[in-house]
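# Descriptive structure summary
Here's the letter readout for the chains.
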Amino acid sequence: MNILTNRRILIIDDNRAIHEDFRKILLPQGLDNPMASARAELFGDEVERPGLAAFEIDSAFQGQEGLEMVRRALEQGRPYAMAFVDVRMPPGWDGVETITHLWKHYSDLQVVICTAYSDYSWAEMIERLGQSDRLLILKKPFDNVEVLQLAHALTNKWMLTQQAKCTLEDLGRLVAERTRELQAVNEDLQREIDERKQAEQSLRLSEERFSKAFRASPLPMIIQSIGTERLVDVNESFVALTGLERRLALGFTPCNLRLWESPERYAGMLDTLRAEKSLRNFESVIRTGAGELRTVLVWAELFQLGGDSHVLFLMQDRTEQVELEQQLRQAQKMEAVGQLAAGVAHDFNNILTIIQCHVSLQLNATSLDARIENSLRQISDASARAASLTRQLLAFSRKQMIQPQVLQLGELLSNSSKMLQRLIGDHIRLVYQFPAKLPSVFADPGSLEQVAMNLAINARDAMPQGGTLTFEASVEEIGPAQLQRHPEARPGTFVCLHVTDTGCGIAEAVQKRIFEPFFTTKETGKGTGMGLSIVYGIVKQHEGWIELQSRVGHGTTFSVFLPATDKREVHQAEAATILALPGHETILLVEDQAPLRELVRSLLQCQGYSVFTAANGVEALKTWGQHRQEIDLLLTDMVMPEGVSGIHLARQLRAERPTLRVVFTSGYSCDLLGEDAKETAAECFLQKPYRPDKLARTVRECLDAPANPPDLPAESAA
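Residues numbered from 1 in each chain as written. Predicted model: local features only at pLDDT ≥ 70, side-chain atom pairs only at ≥ 80, totals over all residues. Heavy atoms only, no water.

### As for the pattern of salt bridges
Inspection of every chain in the model, using the stated rule, returns 24 salt bridges. Here Glu56 makes a salt bridge to Arg78, at a shortest N to O gap of 2.7 Å. Taken together, the residues Glu56 in strand β2 (residues 56-60) and Arg78 in the loop between α3 (63-75) and β3 (82-86) connect sequence positions 22 residues apart. Note that Asp170 and Arg173 form a salt bridge whose closest N and O atoms lie 2.1 Å from each other. You can see Asp170 and its partner Arg173 sitting in helix α6 (residues 144-191), three residues apart, about one turn around the helix. Overall, the relative accessible area of 43% leaves Asp170 in the partly exposed class. Each of the salt bridges in this network shares a partner with another, and the network as a whole consists of Arg8, Glu56, Asp58 and Arg78. (Salt bridge = Lys/Arg side-chain N within 4 Å of Asp/Glu carboxyl O. Helix = DSSP H or I, 4+ residues; strand = E, 2+ residues; numbered from the N terminus. Buried < 20%, exposed > 50% of the residue type's maximum accessible area, 1.4 Å probe, protein only.)

Here you go:
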């Protein structure tokens with residue numbers, strides 16, 4: 001099997017819908033292949049221009065079945081490059097046990113654990129499976145781009161690993177062969193002094209063969225005297241890697257050329273060679289003639305040449321591979337931080353729901369003292385600001401709910417000016433220039449704040465010594481003449497946000513990759529390379545596009561185009577009153593937070609509803625078994641303990657009664673229901689925090705909806 005074309009992927013999941021989702025995501029053609037470009041640059045292959053080869057996807061529904069398919073693939077000489085493995089697959093092996101068996105039979109398999117509510121912590125999985133760079137975690141629900149990135153990255157990583165193994169084996173054989181030949185020649189010279197002429201001829205032939213192999217080797221090679229440490233010879237691959245001319249390198253020591261980035265590690269290599277006569281798989285860093293640092297894997301062997309001891313160095317440049325590994329580790333770290341932020345935001349939304357509901361109830365009381373009423377409104381405003389902060393946490397973790405609304409871009413950004421000023425620092429002057437009359441846009445305010453924040457951070461890093469950051473807006477009429485300036489532009493009226501800094505500017509070569517995920521020009525540890533790619537994704541999600549103008553030394557301008565809307569802006573009162581929306585139906589309320597559960601039960605009973613309560617899905621199923629004929633609506637949190645999520649609960653109850661009304665609520669997002677159900681979920685989804693009037697209206701609208709609601713999506717273990 002050609003390792004350059006292996007894109008076999010095994011999906012192990014007991015849910016057939018998950019297999020279909022993976023196939024929809026992974027089977028499309030025509031995407032760019034940055035991994036193919038990286039591999040071509042690393043190994044000198046030609047880039048496949050027609051587009052990515054299709055993935056070959058196989059399915060297994062249990063761990064034992066997956067193991068058998070892996071065994072069969074190995075026997076056929078067509079191994080899988082990677083596998084997506086679900087954590088929960090009752091009955092039989094779970095995901096962790098399945099991976100243990102898979103790696104016992106095929107240790108090179110790249111594995112992505114698919115989970116959303118795992119039975120194992122990361123520490124437990126590491127304890128069971130051991131530390132490995134072949135293991136990643138993919139949270140459900142899936143992000144299509146993230147699944148594609150993982151599939152391309154890990155299949156290419158598998159292929160790079162196999163190719164590197166083959167290359168290293170060839171190199172080892174070549175070094176051993178050349179060493180044996182040199183030793184044989186040296187022994188012949190010692191043993192056959194009387195046959196000098198024949199020995200000299202043999203030596204000359206041997207040197208000629210070695211010279212050809214030395215010159216033609218694709219790996220950088222050095223011959224160096226062990227005594228004087230001077231370079232005796234270098235090959236063309238070494239010249240290409242370092243940029244040092246051969247005539248300027250010969251006769252000098254590595255210290256003269258400042259070749260090794262760490263003199264201490266270089267001295268350690270020589271000590272090892274003198275003691276052990278050889279060196280294998282030693283990672284080090286060299287400095288090119290231009291001052292660039294490259295990570296190399298070094299092999300070295302001592303041999304005799306002309307009666308003196310010399311050392312033969314071979315190097316493999318693995319700079320790109322190291323950077324890729326660092327990007328993967330950074331992505332894992334950011335995912336962990338995102339999960340922490342999402343969990344904090346979720347818990348705060350539960351607390352804020354209780355605060356907002358109680359405040360709304362008190363504000364609806366008659367004959368309130370003015371001082372008390374003002375205090376309650378201050379509490380209401382503060383909780384609204386806190387809800388905005390949790391929305392930012394959810395945006396950071398990419399679990400935010402996209403809730404577009406009609407808004408004024410200038411007003412939105414002006415309200416966030418204090419936050420942006422604290423973000424960029426006092427050494428940068430923040431300027432706003434918005435016209436008095438600007439068309440509205442239909443967008444999610446939290447997402448646009450994220451765009452402004454990411455662009456501000458990017459500008460701040462471009463102005464370490466200070467400068468000016470300007471936010472200004474204009475109205476742009478895009479016609480046929482303007483369509484040629486950007487491939488994503490389209491005709492119509494757009495509100496354009498220009499973000500301009502007076503920083504160092506962006507080089508033209510960098511501008512072509514500026515929106516690529518994980519691409520960054522910052523030092524290691526100073527950036528993830530995701531800020532501008534998130535901006536690009538948000539703008540695309542809002543049916544707009546982004547343009548860039550920059551010159552080195554003259555600053556940068558990002559222009560964000562958003563469609564103007566003629567929809568009317570809806571103004572909501574600061575403290576909404578509870579609408580008179582009485583009901584007589586029976587509701588099954590499932591909420592694991594006791595204070596919030598009791599509050600919602602009281603609010604619903606005040607509206608005239610009969611309410612059964614449950615702290616989790618298991619209790620809810622018991623209550624349903626006793627009162628199924630009485631219950632008209634299920635109001636359930638999506639994320640709950642005891643292993644039964646809100647979606648799973650709703651699916652079971654709907655299986656018995658398809659006409660049952662369902663309202664989901666969560667501090668996360670209705671996006672957890674999946675792409676196919678976003679529109680349906682938005683109509684029966686109650687985002688935390690909410691006020692009593694929103695609760696009453698949502699429940700009443702759901703109960704008054706048509707008798708045959710759409711089918712629920714396949715379960716996502718949220």
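### Quick look at the sheet that holds strand β6 (residues 221-225)
Read from one edge to the other, the open sheet built from five strands follows the order β7-β6-β10-β9-β8, with strand pairing classed as antiparallel. Two strands in the sheet have a free side with no partner beyond their single neighbour: β7 (231-234) and β8 (278-287). Within the sheet, the average angular offset between the axes of one strand and its neighbour, ignoring direction, is 30 degrees. Strand direction decides the pairing type here: β8 and strand β9 (residues 293-305), joined by eight bridges, are antiparallel. What sits directly across from Ser278, in β9, is Glu301. Running at roughly 165 degrees to β8, helix α11 (residues 263-276) makes contact with β6, β8, β9 and β10 (308-317) of the sheet. (Pairing = 2+ DSSP bridges. Axes fitted to C-alpha atoms, helices over the stretch in contact; angles between N-to-C directions. Contact = heavy atoms within 4.5 Å.)

### Describing the sheet that holds β3
One open sheet accounts for five strands, arranged β2-β1-β3-β4-β5; its pairing is parallel. Only two strands of the sheet have a single partner each, and these edge strands are β2 and β5 (135-139). The mean inter-strand angle of the sheet, taken between neighbouring strand axes irrespective of direction, is 20 degrees. Of the pairings in the sheet, the one linking β3 to strand β4 (residues 110-115) comprises five bridges and is parallel in character.

### Observations regarding the environment of Leu660
Assignment of secondary structure puts Leu660 in the loop between α21 (646-656) and β21 (661-666). In this structure Leu660 comes out as buried when scored by relative accessible area, which is 0%. When the C-alpha positions of Leu660 and Leu633 are compared, they lie 6.0 Å apart, and in sequence the two are 27 residues distant.

### With respect to the packing of aromatic side chains
What the rule picks out here adds up to seven aromatic pairs. Seen from their ring centres, Trp260 and Tyr266 are 6.1 Å apart, and the 15 degrees between their planes marks the pair as stacked. This pair shows no difference in class: Trp260 is buried, exactly as Tyr266 is. An angle of 10 degrees between the planes, with centres 4.7 Å apart, marks the rings of Trp545 and Phe561 as stacked. Of this pair, Trp545 sits in strand β16 (residues 545-550) while Phe561 sits in strand β17 (residues 556-565), and the two are 16 residues apart along the sequence. Following the ring pairs from residue to residue traces out a cluster consisting of Trp260, Tyr266 and Phe313. (Phe/Tyr/Trp six-rings, centres within 6.5 Å; stacked < 30°, edge-to-face > 60°.)

### Points about α3
Here α3 contains 13 residues, and its C-alpha end-to-end distance of 19 Å stays within 8% of the 18 Å for a straight helix at 1.5 Å per residue. What α3 keeps buried is the set Gly63, Gly66, Leu67, Met69, Val70 and Ala73. The arc that holds the buried residues of α3, viewed along the axis, is 160 degrees, so those residues lie on one side. In the core, the buried residues of α3 are packed alongside β1 (8-12), β2 and α4 (95-105). Phi for Gly77, located one or two positions after α3, is positive at around 75 degrees. (Expected span 1.5 Å × (residues − 1). Arc of directions from axis to C-beta.)

### Concerning the pairing of β16
Most of β16 sits out of view: five of its six residues are buried. Sheet analysis places β16 next to β17, joined by six bridges and oriented antiparallel. Counterpart to Ile546 in the pairing with β17 is Val560. Adjacent in sequence and paired antiparallel, β16 and β17 are bridged by five residues, among which Gly553 carries a positive phi angle near 85 degrees.

### A closer look at the packing of helix α20 (residues 617-627) against α21
Contact geometry of α20 with α21 gives a least axis separation of 10 Å together with a crossing angle of 15 degrees. When the axes of α20 and α21 are compared, the pair comes out roughly parallel. Along this stretch, α20 crosses α21, giving a crossing that reads as right-handed. Counting all contacts with α20, which are made through Gly617, Ala620, Leu621 and Trp624, the residues of α21 involved are Leu649, Gln652, Leu653 and Glu656. The residue inventory of the contact of α20 with α21, partitioned by class, reads five nonpolar, two polar and one charged. (Parallel < 35°, antiparallel > 145°, perpendicular 65-115°, else oblique. Left-handed = near helix turned anticlockwise from the far one by under 90°. Nonpolar A, V, L, I, M, F, W, Y, C, P; charged D, E, K, R; others polar.)

### Quick look at the nonpolar core
Residues Leu448, Leu455, Leu469, Phe471 and Val560 are the most contacted members of the largest nonpolar core, which totals 36 residues. Counting residues per element, this core draws most heavily on helix α16 (residues 445-462), which supplies seven residues. With residues near it in sequence (within four places) discarded, Leu455 still touches Val499, Leu532, Val535, Phe558 and Val560. Leu10, Ile12, Ala81 and Met159 belong to the second largest nonpolar core, which has 28 residues in total. (Core = buried A, V, L, I, M, F, W, Y, C linked by side-chain atoms within 4.5 Å.)

### Overview of the confidence of the model for the protein chain
Of the residues in the protein chain, 80% reach a pLDDT of 70 or more, and the chain-wide mean stands at 80. pLDDT under 50 marks residues 571-578. Its contacts with residues more than four places away, or in other chains, come to 17 contacts. Counting contacts from residues 713-718, a segment whose pLDDT is below 50, to residues more than four positions away or on other chains yields 20 contacts. (pLDDT = per-residue confidence, 0-100.)

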